[in-house]
Amino acid sequence: MATNTSQVGVILMTYGSPATLDDIPTYLKNIRGGRPADDALIAEFRRRYRLIGGSPLLHITREQATALQAELNRQHPGDPGFHVVAGMRFAPPLIADVVPEVGAFTHQVIGVILSPQYSPIIMSGYVRTLEDAVAALPGGELKIAGDWHLEPLFLQALAERIQQALGRFPPELRERVPVLLTAHSMPKRVIEQEPDYINNLKETAAAVARLVGLPSERWMFCYQSAGHTPEEWLKPDFADVMPELRVAGHTHVLIAPVQFLADHLEILYDIEIGAREQAEGVGIQFARTESLNASPLFIKALAAVVQHTMG
């Protein structure tokens, strides 16, 4: 097959998810650096993935890649073109396995980690894996996107989802329902080494709140999805916030993740099931924003990230 080696290759990189329930032990082992998970942890993850009907993360990331390829080629009609693929860190298709596919089209590779808030420590596994794989390409050239937590189109895409969700509330509630802007909790020891990562998350939340027009008393930044380890994780968790909202007289809440870019376990179980149960358990009606997934505004944001990275 003839290839156009002047194209630009783009790899969208994300965490990954097990394709089937039988893949969960291997997936957890990969996450844990090769240490097998115990039977209780495997059983708990089987339960969660079974409840959500399996993770759609790979399917959605591939949809994002397809939409991004179309958007980039639309924006650059006279250029040789872009070839965009999805690669996962802990589950197939692994990042290292998709690089040769991109290499069949080009020697120029742009890597985009699907985490707008960048941390050199937390993201180092993506960077090393991609660097090693591209180094094996003949004449391979690599650029990796860094932080894009204040990319205007990304902020607009998040604000659009919040406005859509608020629009579904009755008019008498729309202007006063509290909004929880959430991000994945982290072990406190990790963030003590790299405080900028949490500052970036908080900056994203504040910027989105301004775009939506939320006064400071209407929203707060909090954490979710703390890990299954005994160490101290960042607080407040939204589970801690729900009872406080009820005591303050609130009867409804809207949860809006500012870090997660697609439906996966942390959305479909931790929020849709876990947070809903926590809210309803104290007498609060729960709602969440729709994930960005392949939202046209978000795809334009990704295109902007690629173009900024190309320079």
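Coordinates for the structure precede this section.
Caption draft 1: How the structure looks around unusual backbone geometry. With omega at -5 degrees, the peptide bond leading from Pro 92 into Pro 93 counts as cis. On the secondary structure map, Pro 93 appears in the loop between strand 2 (82-88) and helix 4 (95-103). Its identity is not glycine, yet Ser 225 carries a phi of approximately 60 degrees, on the positive side. With respect to the element layout, Ser 225 can be found in the loop between strand 6 (219-224) and helix 10 (238-247). Despite not being glycine, Asn 293 has its phi angle at roughly 45 degrees, a positive value.

Caption draft 2: The pairing of strand 7 (residues 252-257), seen in detail. The buried count for strand 7 comes to six of six residues, which makes it a mostly enclosed element. Every second residue of strand 7 is oriented toward a common face, with His 252, Leu 254 and Ala 256 on one face and Val 253, Ile 255 and Pro 257 on the other, all of them buried. Note: strand 5 (residues 179-184) against strand 7, four bridges, orientation parallel. Counted as the bridge partner of Thr 182 is Pro 257 from strand 7.

Caption draft 3: Looking closely at the pairing of strand 2. For strand 2, a buried count of seven out of seven residues is recorded, marking the element as mostly surrounded by other parts of the structure. Every second residue of strand 2 is oriented toward a common face, with Phe 82, Val 84, Ala 86 and Met 88 on one face and His 83, Val 85 and Gly 87 on the other, all of them buried. Inspection of the sheet shows strand 1 (residues 8-14) paired to strand 2 by seven bridges, in the parallel sense. By the bridge assignment, Thr 14 is partnered in strand 2 with Met 88.

Caption draft 4: Structural detail: the packing of helix 4 against helix 5 (residues 124-135). Orientation of helix 4 relative to helix 5, taken along the N-to-C sense of each, is 40 degrees, at an axis distance of 9 Å. Viewed along their axes, helix 4 and helix 5 adopt a mutual orientation that is oblique. As helix 4 packs across helix 5, the resulting crossing turns out to be right-handed. Contacts between helix 4 and helix 5 pair Ile 95, Ala 96 and Val 99 from the former with Tyr 126, Thr 129, Leu 130, Ala 133 and Val 134 from the latter.

Caption draft 5: Region of the structure containing the pattern of salt bridges. Inspection of every chain in the model, using the stated rule, returns 14 salt bridges. Across the pair Arg 48 and Glu 44 runs a salt bridge whose closest N-O atoms are separated by 2.7 Å. Here Glu 44 and Arg 48 lie together in helix 2 (residues 39-51), a separation of four residues that amounts to about one turn. For Arg 48, a relative accessible area of 16% puts it in the buried group. With its nearest N and O atoms 3.6 Å apart, the salt bridge here joins Lys 235 to Asp 240. Overall, the relative accessible area of 58% leaves Lys 235 in the exposed class.

Scoring rules and cut-offs
- Residues numbered from 1 in each chain as written.
- Predicted model: local features only at pLDDT ≥ 70, side-chain atom pairs only at ≥ 80, totals over all residues.
- Heavy atoms only, no water.
- Helix = DSSP H or I, 4+ residues; strand = E, 2+ residues; numbered from the N terminus.
- Buried < 20%, exposed > 50% of the residue type's maximum accessible area, 1.4 Å probe, protein only.
- Pairing = 2+ DSSP bridges.
- Axes fitted to C-alpha atoms, helices over the stretch in contact; angles between N-to-C directions.
- Parallel < 35°, antiparallel > 145°, perpendicular 65-115°, else oblique.
- Left-handed = near helix turned anticlockwise from the far one by under 90°.
- Contact = heavy atoms within 4.5 Å.
- Salt bridge = Lys/Arg side-chain N within 4 Å of Asp/Glu carboxyl O.

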